[in-house]
Amino acid sequence: MMQDPVLEKMQQLMQKYQGQPDSTPAARSLVTGNAVPVLRNIVKLGDAIPPQRDTTDAPFLSTTLINTLHSQIEQELQAQLKPLLAEHLQRVLTQAIANSLPELQQQFQTLIHDSVQHALDRQGLPTRDKS
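What you are looking at is a predicted structure, and each value in this text was computed from that prediction instead of being measured.

1. Quick notes on the overall build of the chain
The helix and strand tally for the chain stands at four helices and zero strands. Tracing the chain from N to C terminus, the helices and strands come up as α-α-α-α. Within the chain, the fraction of its 131 residues that count as buried is 7%. Counting only carbon and sulfur atoms, one obtains 61% of the accessible surface of the chain, whose full area is about 12100 Å².

The structure is reproduced here in structure tokens:
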């Protein structure tokens, strides 16, 4: 049966304080006069830490999952933003047309007047407005 490295270290530590002989440096430091052992004398750095598993083989999110999530987020944004943008664009366009309508009316009147004037001049008909 295989034990956890942390449990093995704890078992060794308990044996040291119960008076069972141990030949580790930590046990020798206790015998030589240190009443309270220093932690680095009991457990060496990294002894009780389980090895990290290699994550390079298994990425956290697969490319397919990322693409699926991206597509779903894009669809949701379009569904939520389309009505808001359409309403805003409608207001802006209505205001722009209302602001430019008098100028457009004046330009159309001038264009029509000039076209009629030109057509009458080509036919040689007299006009009231000879400026």
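Having seen it, we continue.
2. What to know about a nonpolar patch on the surface
On the surface, L61, L65, I66, L69, I73, L77, L81, L84, L85 and L89 cluster together into a nonpolar patch covering about 900 Å² of accessible area. In this structure, L65 sits in helix α4 (residues 63-123).

3. Focus: the pattern of salt bridges
One pass over the structure, following the stated rule, counts one salt bridge. Residues E87 and R91 are paired through a salt bridge, measuring 3.1 Å at the closest nitrogen-oxygen approach. A residue pair is termed a helical-turn pair when its members lie 3 or 4 positions apart in one helix, as E87 and R91 do in helix α4 at four residues. For E87, a relative accessible area of 48% gives the class partly exposed.

4. Let's talk about α4
Residues lying three or four places apart along an α-helix face the same way, a consequence of the helix completing one turn every 3.6 residues. With 61 residues, α4 extends only 75 Å from end C-alpha to end C-alpha; this falls clearly short of the ideal 90 Å at 1.5 Å per step. Helix geometry: α4 is bent most strongly at L101, by close to 45 degrees, with proline P102 lying one to four residues after it. Count one or two residues on from α4 and you reach G124, which has phi positive near 80 degrees.

5. Some remarks on the confidence of the model for the chain
When pLDDT is averaged along the chain, the result is 76; 63% of the residues meet or exceed 70. Looking at the elements of the chain, mean pLDDT is at its lowest for helix α2 (residues 25-31), recorded as 52, and at its highest for α4, recorded as 91.

Parameters and conventions
- Residues numbered from 1 in each chain as written.
- Predicted model: local features only at pLDDT ≥ 70, side-chain atom pairs only at ≥ 80, totals over all residues.
- Heavy atoms only, no water.
- Helix = DSSP H or I, 4+ residues; strand = E, 2+ residues; numbered from the N terminus.
- Buried < 20%, exposed > 50% of the residue type's maximum accessible area, 1.4 Å probe, protein only.
- Areas by Shrake-Rupley, 256 points an atom, 1.4 Å probe, with all protein chains shown as cover.
- Patch = residues over 30% accessible without salt bridge, like charges linked within 9 Å, V, L, I, M, F, W, Y side chains within 5 Å.
- Salt bridge = Lys/Arg side-chain N within 4 Å of Asp/Glu carboxyl O.
- Expected span 1.5 Å × (residues − 1).
- Bend = angle between axes of the 7 residues up to and from the residue.
- pLDDT = per-residue confidence, 0-100.

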